[in-house]
Amino acid sequence: MAEMVGPRLYGCCNCRNHVALHDDIISKAFQGRNGRAFLFSHAMNVSMGPKEDRNLMTGLHTVADVYCSDCREVLGWKYERAYEESQKYKEGKFILEKSKIVKENW
């Protein structure tokens, strides 16, 4: 009998709460506060902090920190607004830091 396999997920490094689907990764070539980060089209079971303007490596963006909805661990941020035309594709997307997420169901 075949084993049922669910979707590959990423969980919070602290409590394992499911926060993103592997299939929602847009890019693995991003930089977070603490090293490599992934750009996701969607995130789940997260809450957002207040919006603030930050000068990032690619220019000025309005972002909101993203927290695990269970344990409140800071996982990354959400791009709310990009001020440079070349960066507009990031709007509404999520950065989750590689060091803050763990693979689940792989």
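Residues numbered from 1 in each chain as written. Predicted model: local features only at pLDDT ≥ 70, side-chain atom pairs only at ≥ 80, totals over all residues. Heavy atoms only, no water.

Taking an unreviewed UniProt entry as the reference, the protein is identified by name as Protein yippee-like belonging to Deinandra increscens subsp. villosa. Quoted verbatim from the Sequence similarities (unreviewed entry) heading of the UniProt record, the comment on the protein is "Belongs to the yippee family." (UniProt positions renumbered as here; feature names shortened; annotations may be inferred.)

By secondary structure assignment, the location of T62 is in strand β6 (residues 59–68). Within the structure, T62 has its side chain in polar contact with the side chain of D53 (distance 2.6 Å). Once you skip the residues sitting within four places of it in the chain, T62 turns out to touch K51, E52, D53, K78, Y79, E80, R81 and Y83. (Helix = DSSP H or I, 4+ residues; strand = E, 2+ residues; numbered from the N terminus. Polar contact = N/O pair within 3.5 Å; in protein donor to acceptor, adjacent residues only side chain to side chain. Contact = heavy atoms within 4.5 Å.)

This next bit is on the pairing of strand β4 (residues 35–40). With 5 bridges connecting them, strand β3 (residues 25–32) and β4 associate as antiparallel partners. Paired with Q31 across the bridge in β4 is R36. Between the antiparallel neighbours β3 and β4 lie 2 residues. Pairing of β4 with strand β8 (residues 94–97), which is carried by 4 bridges, proceeds in the antiparallel orientation. When the sheet's bridge partners are listed, F38 is paired in β8 with L96. (Pairing = 2+ DSSP bridges.)

The biggest cluster of nonpolar side chains holds 13 residues, and the ones touching the most others in it are Y10, V19, F38, F40, L75, L96 and I101. Residue assignment for this core shows that the elements contributing at least two residues are β1 (9–12), β2 (18–21), β4, β6 and β8. Residue contacts for Y10: discarding those within four places in its chain leaves N17, H18, V19, A20, H22, I25, F38, F40, I101, V102, K103 and W106. Counting residues in each nonpolar core, the second largest holds 7 residues, with F30, A37, L39 and I95 among its members. (Core = buried A, V, L, I, M, F, W, Y, C linked by side-chain atoms within 4.5 Å. Buried < 20%, exposed > 50% of the residue type's maximum accessible area, 1.4 Å probe, protein only.)

What follows deals with the sheet that holds strand β7 (residues 74–82). Within the open sheet, the 6 strands sit side by side as β3-β4-β8-β7-β6-β5. Their pairing is antiparallel. The open sheet has two edge strands with one neighbour each: β3 and β5 (46–56). Between one strand axis and the next, the sheet turns through 30 degrees on average, direction left out of account. Bridging between β7 and β8 involves 3 bridges; their strand directions are antiparallel. Pairing of G76 across the sheet is with L96, part of β8. (Axes fitted to C-alpha atoms, helices over the stretch in contact; angles between N-to-C directions.)

Before going further, it helps to spend a moment on the layout of surface pockets. Over the atoms, a rolling probe the size of a water molecule traces out where space has been left empty. Space inside the largest pocket adds up to approximately 220 Å³. Every residue lining the largest pocket is listed: A29, F30, Q31, G32, R33, R54, L56, M57, T58, W77, Y79 and K90. At the level of elements, β3, β5 and β7 are the ones that each hand at least two residues to the lining of the largest pocket. If you tally residues by element for the lining of the largest pocket, the top one is β3, at 4 residues. (1 Å grid on protein atoms, 1.4 Å probe; cavity = no way out; pocket = protein on both sides within 12 Å on 5 of 7 lines; lining within 4 Å. Points joined across faces, edges and corners; volume = space filled by probe spheres on them.)

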